[in-house]
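Coordinate analysis (summary)
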Amino acid sequence: MINLRRWLLTLLSMLFSGHSIAFDGSLTAEQVRAAMQSERSKIANGMFTANGSYSIFVGKELEKKDSFQWRYEFSYPDEKFLFDRSENCTADRETRAGDSDRLRVFFCEDATARYTYHDLVIPTAALHIHPSDHSDKDLSHHFQRIDVRGFGIGNASNICALSVIGDKFFFEPSVVTIDIQSDIQVIEENSNILRLSFEKILPETDRRIGKKLWVDRSKGFAPMRLVSFLDDQQEMECRSEWALVNDTWVPIELTGNIQSPTIPNGKEVKIENIETRKEDFRMNLKWETVNRVSENSNYVLQAFDLPEGTRVFKDGEVIHIYGH
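The written sequence of each chain sets the order in which its residues are numbered from 1. Where local features are concerned, this predicted model is filtered to residues with pLDDT of at least 70; where side-chain atom pairs are given and counted, the filter is 80 or more; whole-chain, interface and lining totals use all residues. The basis for every side-chain value is the complete set of non-hydrogen atoms in the structure, without hydrogens or water.

A few words on the overall build of the protein. Secondary structure assignment for the protein yields four helices and 15 strands. Think of it in three bands: residues with accessible area under 20% of the maximum for their type are buried, residues over 50% are exposed, and the middle band is partly exposed, with areas taken using a 1.4 Å probe on protein chains only. By the burial criterion, 45% of the 324 residues in the protein qualify as buried. A separation of at least 24 residues holds for 48% of the contacts in the protein among residues at least 6 apart in sequence. We get accessible surface area from the Shrake-Rupley algorithm with a probe of 1.4 Å; when it comes to residues, only the shown protein chains can shield them. As presented, the protein carries roughly 17900 Å² of accessible surface, and 48% of it is formed by carbon and sulfur atoms. Helix numbers and strand numbers start at the N terminus; a helix is a DSSP run of H or I with at least 4 residues, a strand a run of E with at least 2. Here, residues are in contact when the closest pair of their heavy atoms is within 4.5 Å.

This is the structure we're talking about:
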């Protein structure tokens, strides 16, 4: 048994010294979570580009496939980020005409202001400056943050939300109450890989839900694989690969899928018409910098890479036009 007082003192020492945490003997779920959070907290700032795709299948039929490119800059100490997304999306009533088009969403924030831009509808494409305390509720759903420290815990269409939630998705699920000390089991599959798992019966339904999480302690306790299931049916899987960049473990690849039953459009609601709806998500990340101190704590709007002629609005007034 690990002496709790000694373990806590060791953990605090490692957290403040910046060194990796090493344990002897078997681990509890609480210790694994503390080690994961300690390692992820070493990611302070960085910049990466990403390429990926998002697909939806109903049965064996491909219903939708979008490709995307991301550019993300962040600094947690300075509370700033820049999220520039370009996506090849199927057109709908919110987008431009045509079967598909390249759409762009730009969301930036620092201690002084927020900047939002999208070209979903060309006549309204403009950069808007908002106060730094501008309410999130007033922002379009297109403007979302991500948190790379939560990668590997969620994927597919909800990657933005689940990455911000981070390991709460596993350790503190919203559907049921989990006791981290008694409900989550830790199995050492080998000297590096730990498998954490729990199962619970949903109140009033008697249906069984559960999750399993594989963690690699040789890679800074990185989450390598996550699955969730309902009864005996797997509902979600996420896999991630991590690499050591500038002495810090960061994600370099994410893949995953979500499966659920559905009735295809035009078919009668009958059991025999139920098919599986599957969402596939794939993304590769290329890191340009990790934990390199930025010279500027705030962004300069004139430096943003936006199309010539883009107007900049602040308090309802045009204060700048790109290229003029």
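Having seen it, we continue.
Okay, the pairing of strand β15 (residues 317-321) next. For two strands to be treated as a pair, DSSP must find at least two bridges joining them. Pairing geometry for strand β14 (residues 311-314) and β15, over four bridges, is antiparallel. Note that in β15 the partner of K314 across the bridge is E317. Following β14, the chain reverses through two residues before pairing antiparallel with β15; D315 in that reversal takes a positive phi of roughly 55 degrees.

Glancing now at the pattern of salt bridges. Salt bridges are defined by distance alone: a side-chain nitrogen of Lys or Arg within 4 Å of a carboxyl oxygen of Asp or Glu. Applying the stated criterion to the full structure yields 22 salt bridges. The closest approach of N and O atoms between D66 and K64, which form a salt bridge, is 3.5 Å. Salt-bridge contacts for E189 lead to R195; the nearest nitrogen and oxygen are separated by 2.7 Å. One network of salt bridges, with partners in common, ties together R33, D167 and E172.

With that settled, consider the pairing of strand β13 (residues 275-290). For a regular strand, side chains alternate in direction, first toward one face of the sheet and then toward the other. The pairing of strand β1 (residues 45-58) with β13 spans 13 bridges and is antiparallel. Each bridged residue has a counterpart across the sheet, and for M47 the counterpart in β13 is T289. Note that strand β12 (residues 248-262) and β13 share 10 bridges and pair antiparallel. Counterpart to P261 in the pairing with β13 is T276.

This brings us to the confidence of the model for the protein. Looking at the protein, the pLDDT average stands at 84 and 85% of residues meet or exceed 70. pLDDT: the predictor's confidence for each residue, scored from 0 to 100. Counting contacts from residues 1-24, a segment whose pLDDT is below 50, to residues more than four positions away or on other chains yields 24 contacts.

Position of T289 among the secondary structure elements: in strand β13. Discounting chain neighbours no more than four positions away, the residues touching T289 are G46 and M47.

Attention now moves to the side chain of D147. Relative to the helices and strands, D147 is located in the loop between β6 (126-131) and α3 (159-165). Judged by relative accessible area, D147 falls into the buried class, the value being 14%. Filtering out sequence-adjacent residues up to four positions away, D147 remains in contact with Y76, S163 and V164.

As for its placement among the helices and strands, E308 is situated in the loop between β13 and β14. Between the C-alpha atom of E308 and that of G323, which follows or precedes it by 15 residues, the distance is 4.9 Å. If near-sequence neighbours (up to four positions away) are discounted, E308 is found in contact with Y322 and G323.

Here the focus is unusual backbone geometry. Positive phi outside glycine occurs at E79, with the angle close to 55 degrees. Structurally, E79 can be placed in the loop between β2 (61-75) and β3 (80-90). For E79, a relative accessible area of 61% corresponds to the exposed category. The residue D206 is not glycine, and still its phi comes out positive at about 65 degrees. Residue placement: D206 occurs in the loop between β8 (193-201) and β9 (208-216). On the basis of relative accessibility, which here comes to 65%, the residue D206 falls in the exposed class.

Counting residues in each nonpolar core, the largest one holds 27 residues, and the members touching the most others are V32, F170, F171, I184, L196, L213 and F221. Breaking this core down by element, the ones donating at least two residues are α2 (29-40), α4 (168-171), β8, β9, β10 (222-230) and β11 (233-245). By residue number, the principal contributor to this core is α2, which donates four residues. Leave out the neighbours within four places in its chain, and F171 touches A29, R33, M36, I178, I180, I184, L196 and L213. Counting 25 residues, the second-largest nonpolar core is a separate cluster that includes F83, V105, L139 and V148. Throughout, nonpolar core names a set of buried Ala, Val, Leu, Ile, Met, Phe, Trp, Tyr and Cys residues whose side chains join them through atoms within 4.5 Å.

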